[in-house]
Amino acid sequence: DPLPLSGRVFISVSSMHKPHVVEVAKLYADLGFELVATSGTADTLERAGFKVQRVFKLAEGRPNAVDLLKNREIQLVINTPSGATPRADEIKIRTTAVYTDTPIMTTLSGAKAAALGIAALKKNGYAVKTVQEYH
């Protein structure tokens, strides 16, 4: 799927990834994306000074990430696994992302690479250039 150039990015990372999520969130915020997160990740991002739209975890109520995905209100998902076996929430979110053709990153390094790709696309567009045009 092509990477989105704007919109909202849903971020939900495990505890061990929380210290590193701020750096990734900054890349997306700097690109003009709105940040959406569940409580724990939202707390981390808000403490770092980001404006975050909070959504419920699936068991907490609605609207949750699955609702927003189904309504096409999320353009990219960053969701790192919480352990060896993904929790029910993670599986539902990822399944819905696949079903709605929403790009999903399951590692922070992948999310960072996607942000750099989006930055390049915003700068240069999707146009293809010959190698000679770069010199």
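For the structure, see preceding data.
Here we summarise the structure given alongside this text. (Residues numbered from 1 in each chain as written. Predicted model: local features only at pLDDT ≥ 70, side-chain atom pairs only at ≥ 80, totals over all residues. Heavy atoms only, no water.)

Considerations on the overall build of the protein chain
- Of the regular secondary structure elements, the protein chain holds five helices and five strands.
- A total of about 7700 Å² of accessible surface is found on the protein chain, and carbon and sulfur atoms cover 57% of it. (Helix = DSSP H or I, 4+ residues; strand = E, 2+ residues; numbered from the N terminus. Areas by Shrake-Rupley, 256 points an atom, 1.4 Å probe, with all protein chains shown as cover.)

Thoughts on the side chain of T38
- Of note, T38 is situated in the loop between strand 2 (34-37) and helix 2 (39-47).
- Classification of T38 by relative accessible area gives buried; the value is 6%.
- Separated by 3.3 Å, the side chains of T38 and S12 make a polar contact.
- Look past the residues within four positions of T38 in its chain and what remains in contact with it is F10, I11, S12, V55, F56 and K57. (Buried < 20%, exposed > 50% of the residue type's maximum accessible area, 1.4 Å probe, protein only. Polar contact = N/O pair within 3.5 Å; in protein donor to acceptor, adjacent residues only side chain to side chain. Contact = heavy atoms within 4.5 Å.)

Quick look at the packing of aromatic side chains
- Scanning all chains against the criterion turns up one aromatic pair.
- On the basis of an interplanar angle of 80° and a centroid distance of 5.7 Å, the ring pair of Y28 and F33 is categorised as edge-to-face. Accessibility classification places Y28 together with F33 in one group, the buried group. (Phe/Tyr/Trp six-rings, centres within 6.5 Å; stacked < 30°, edge-to-face > 60°.)

Some words on the sheet that holds strand 3 (residues 52-54)
- In space, the five strands of this open sheet follow the order 3-2-1-4-5, with parallel pairing throughout. Only two strands of the sheet have a single partner each, and these edge strands are strand 3 and strand 5 (104-105).
- Pairing analysis gives four bridges linking strand 1 (residues 8-12) to strand 2, with the strands arranged parallel. Considered in strand 2, the bridge of R8 is made with E34.
- The sheet contacts of helix 4 (residues 88-99) involve strand 1, strand 4 (76-79) and strand 5, and relative to strand 4 the element is tilted by about 155°. (Pairing = 2+ DSSP bridges. Axes fitted to C-alpha atoms, helices over the stretch in contact; angles between N-to-C directions.)

Digging into unusual backbone geometry
- Residue P63 follows R62 across a cis peptide bond; omega there is 0°.
- For P63, the location among the structural elements is in the loop between strand 3 and helix 3 (65-70).
- The phi torsion at R72 lies on the positive side, around 60°, for a residue other than glycine.
- By the secondary structure assignment, R72 is in the loop between helix 3 and strand 4.
- Residue class for R72 comes out exposed when judged on its relative accessible area of 52%.
- Positive phi is not limited to glycine here, since D101 has a value of about 60°.
- Structurally, the position occupied by D101 is in the loop between helix 4 and strand 5.
- Its relative accessible area of 51% is what places D101 among the exposed residues.

Considerations on the nonpolar core
- Core analysis: the largest hydrophobic core is formed by 23 residues, its most contacted members being V9, I11, Y28, L35, L45 and I78.
- Those elements that place two or more of their residues in this core are strand 1, helix 1 (18-30), strand 2, helix 2, strand 4 and helix 5 (108-124).
- The element contributing the most residues to this core is helix 5, with five residues.
- Leave out the neighbours within four places in its chain, and L45 touches I11, V21, V22, A25, L35, A37, F50 and V52.
- L68, L69, I74 and A97 belong to the second-largest nonpolar core, a separate cluster that totals 12 residues. (Core = buried A, V, L, I, M, F, W, Y, C linked by side-chain atoms within 4.5 Å.)

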